[in-house]
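Residue-level listing of the chains:
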Amino acid sequence: MPNCLICRTPIEPFISFGKMPIANGFLNPEEFPHEHFFDLQVGFCSQCKMVQLTELVEQEKMFHGNYAFFSSTSSRMAEHFRRLADTVKREYLGPDPFVVEIGSNDGIMLQNFAQAGIRHLGIEPSANVAEVARQKGIRTISEFFNEDLARRIVAEYGQADAFMGANVVCHIPYLHSVVAGVKILLKPKGLMIFEDPYLGDIVAKTSYDQVYDEHAFYFSVMSVSYLVAQHGLEIIDVQPQTVHGGSMRYFIGHKGAHPIKPMVAAQLAKEEAMGLQRPETYVRLRENIERSRTDLMKLLRDIKQQGKRVACYAATSKSTTVTNYCGITPDLVEFISDTTPIKQGKYSPGAHIPVKPYEEFKKRYPDYALLFGWNHGEEIMAKEQAFKAAGGKWIVYVPKVQVLE
Ligand SMILES: [Zn+2]
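This section reports on the structure supplied with the text. For every chain, the first residue of the written sequence is number 1, and numbering continues from 1 along that sequence. For a predicted model such as this one, the threshold for reporting local features is a pLDDT of at least 70, and the threshold for listing and counting side-chain atom pairs is 80 or more; totals across whole chains, interfaces and linings nevertheless cover every residue. With hydrogens and water excluded, all non-hydrogen atoms of the structure serve as input to the side-chain values.

Turning our attention to the coordination of the zinc ion. The donor set covers N, O and S atoms within 2.8 Å of the metal, switching to 3.2 Å for Na, K and Ca, and it leaves out water, so a site may look short of donors. For the zinc ion, the full set of protein donor atoms is Cys4 (SG), Cys7 (SG), Cys45 (SG) and Cys48 (SG), and the range of their distances to it is 2.3 Å. Angle rules define the geometry names used: all angles between 85 and 135 degrees makes four donors tetrahedral, while opposite donors over 155 degrees apart and all other angles between 65 and 115 make four donors square planar and six octahedral, leaving every other case irregular. Each of the four donor atoms bound to the zinc ion contributes to angles spanning 99 to 117°, and the resulting shape is tetrahedral. Any residue under 20% of the maximum accessible area for its type is buried, any over 50% is exposed, and the rest in between are partly exposed; the area is computed with a 1.4 Å probe on protein chains only. Overall, the relative accessible area of 0% leaves Cys4 in the buried class. Cys7 sits in the buried class, given a relative accessible area of 18%.

What follows is the structure in structure tokens.
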């Protein structure tokens, strides 16, 4: 049995998604024979309550020089980070402020600090993505964050007012080293502010496509509390977010440095009421996921039998779990439409569905569009009113499989 990455307790997976490729590993046909697969399984630690992958993919296989995800492709996310940056600038910066962000991507958040002339440092391991940020004038280094890097940053820049991370902390298996680094890096009143997909939303919405190689952890307030307490830190506030299909933003300070907002206890009580501390909750989650798969495949087969066309919308990392776990193959769906040039002309990981430019979708609308980017659903459907007007229908699978007429 594997051990919990946080507290070393042996844990048993409660679900297996089977053999899974790298979620963001869009590839060319000549690469098919060498595609990397691993067992995608999730376990719950009854000791520290952390939900986590039980087999990990090496970081170098996922985040490399050709990493295909650029944050700034979504205007809604740009606005989300602008608002967060405004809050930090207004409420959390001391004299001579310094802000650090891990997984700073193409600078979607830090550009707000750079433009205001605030000292900042981005840490982005994917070299090609980091280069895009640097070209925008955002100071960025390509390394993995840990205690050692924290010490070097403090030596060069001093301690930080804020250490931020959006959709990145849950990616890091060696979390103790990160949190220990945060302890070193933060000023006495400094804050770690991070957000990641929230376990409570995954359980409530059966949004199992949050589970893929990059997401080593599925955080809750209870599991994050346990983790940061090991390093003399504590959660002082939490704020639920609607982005990415339901995320939680955590504010963490040195123990005793800040008053703790009532929202922390309130959210913990909510998690207990949901049963996030109980193994049975995850057995039920598995059953719900299996039902979702059955329903989606039945729907796609029915549509195929009617001779209708289905295309998929947005070649997301999440979609790799859905296509491979459910068994969605190119005989059921024609292609995946995506606006990211780096993915176009390639094939989806594992399922090998062709990825075509968005213009293909517009040129000849399918009868149905399977919405892989459901977490940007509102933004997408508002943009695609012509598809609907032409008789197109959306297929969504979160929180349940349904056709939106
Ligand atoms: Zn544990």
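Past the structure itself, the notes keep going.
The next thing to look at is the packing of aromatic side chains. Two descriptors summarise a pair of aromatic rings, namely the distance from one centre to the other and the angle between the planes of the rings. Classification of ring pairs rests on two measures: the distance between centres of Phe, Tyr or Trp rings, Trp counted by its six-membered ring, which must be within 6.5 Å, and the angle between planes, read as stacked under 30 degrees, edge-to-face over 60 and tilted in between. All told, the structure shown has 21 aromatic pairs when counted by the stated rule. With 6.1 Å between their ring centres and 20° between their planes, Phe17 and Tyr208 make a pair best called stacked. Linking Phe17 in strand β1 (residues 13–21) with Tyr208 in the loop between α7 (199–205) and β9 (217–218), this pair joins segments that are 191 residues apart in sequence. We note that Phe17, like Tyr208, is buried. Grouping aromatic residues by their ring pairs yields a cluster made of Tyr313, Tyr358, Phe361, Tyr365, Phe387 and Trp394. Sitting over the face of the ring of Phe113, Lys89 holds its NZ or CZ atom 6.0 Å from the ring centroid. Only when the NZ atom of a Lys or the CZ atom of an Arg is both within 6 Å of the ring centre and within 35 degrees of the ring normal do we say a charge sits over the ring. The residue whose ring lies beneath Lys383 is Tyr358, and the NZ or CZ to ring-centre distance is 4.3 Å. In this description a helix means any DSSP run of H or I spanning at least four residues, a strand means any run of E spanning at least two, and both kinds are numbered starting from the N terminus.

Time to look at the sheet that holds strand β7 (residues 160–166). We treat two strands as partners when DSSP finds at least two bridges between them. Across the sheet, seven strands lie side by side as β6-β5-β4-β7-β8-β11-β10; this open sheet has mixed pairing. Strands with a single pairing partner mark the edges of an open sheet, and in this sheet they are β6 (140–141) and β10 (233–241). In this structure, β10 lies alongside strand β11 (residues 247–254), joined through eight bridges in antiparallel fashion. Along β11, the bridge assignment pairs Asp237 with Phe251. Here a residue-residue contact requires only that any non-hydrogen atoms of the pair lie within 4.5 Å. Interaxial angles span 0 to 180 degrees and are taken between N-to-C directions of axes, which are lines fitted to C-alpha atoms, for helices over the stretch in contact. Contacts between helix α2 (residues 75–91) and the sheet are confined to β7, β8 (186–197), β10 and β11, with β8 contributing the most and set at about 160° to the helix.

Let's shift gears to the pattern of salt bridges. Whenever a carboxyl oxygen of Asp or Glu lies within 4 Å of a side-chain nitrogen of Lys or Arg, that contact is scored as a salt bridge. Scanning the model with the defined rule gives 21 salt bridges in all. Measuring nitrogen to oxygen at the nearest pair gives 3.3 Å for the salt bridge that ties Arg119 to Asp96. With Arg119 in strand β5 (residues 119–123) and Asp96 in the loop between α2 and β4 (98–102), the pair connects residues that are 23 residues apart, well separated along the chain. Across the salt bridge formed by Arg309 and Glu334, the nearest N and O atoms sit 2.8 Å from each other.

Quick look at the packing of helix α5 (residues 147–157) against helix α6 (residues 175–185) now. Any two packed helices are characterised by how steeply their axes cross, that is the angle between the axes, and by the distance between the axes. At a minimum axis distance of 7 Å, the contact between α5 and α6 shows a crossing angle of 20°. Relative to α6, the element α5 lies roughly parallel. Once α5 is placed against α6, the crossing between them reads as right-handed. Residue-level contacts link Glu147, Ala150, Arg151, Ile153 and Val154 of α5 to Ser177, Ala180, Gly181, Ile184 and Leu185 of α6. Across the contact of α5 with α6, the residue classes tally to six nonpolar, two polar and two charged. Throughout this description, any angle smaller than 35 degrees is read as roughly parallel, any larger than 145 degrees as roughly antiparallel, any in the 65 to 115 degree range as roughly perpendicular, and the remainder as oblique. The handedness criterion is simple: a crossing whose near helix is rotated anticlockwise from the far helix by less than a right angle is left-handed, and one whose near helix is rotated clockwise is right-handed. Note that Gly is not counted as nonpolar here; it falls among the polar residues with everything else outside the nonpolar set of Ala, Val, Leu, Ile, Met, Phe, Trp, Tyr, Cys and Pro and the charged set of Asp, Glu, Lys and Arg.

Attention now moves to the environment of Gln241. Take Gln241: it is sitting in strand β10. In sequence terms Gln241 and Glu156 are 85 residues apart; their C-alpha atoms lie 34 Å from each other. In this structure, Gln241 is in contact with His80, Glu195, Gly246, Ser247 and Arg249, ignoring residues within four places of it in sequence. At 3.2 Å, the side chain of Gln241 and the backbone oxygen of Gln239 are in polar contact. We call two N or O atoms a polar contact when they sit within 3.5 Å, provided that within protein one can donate a hydrogen and the other can accept it, with sequence-adjacent residues counted only if both atoms are side-chain atoms.

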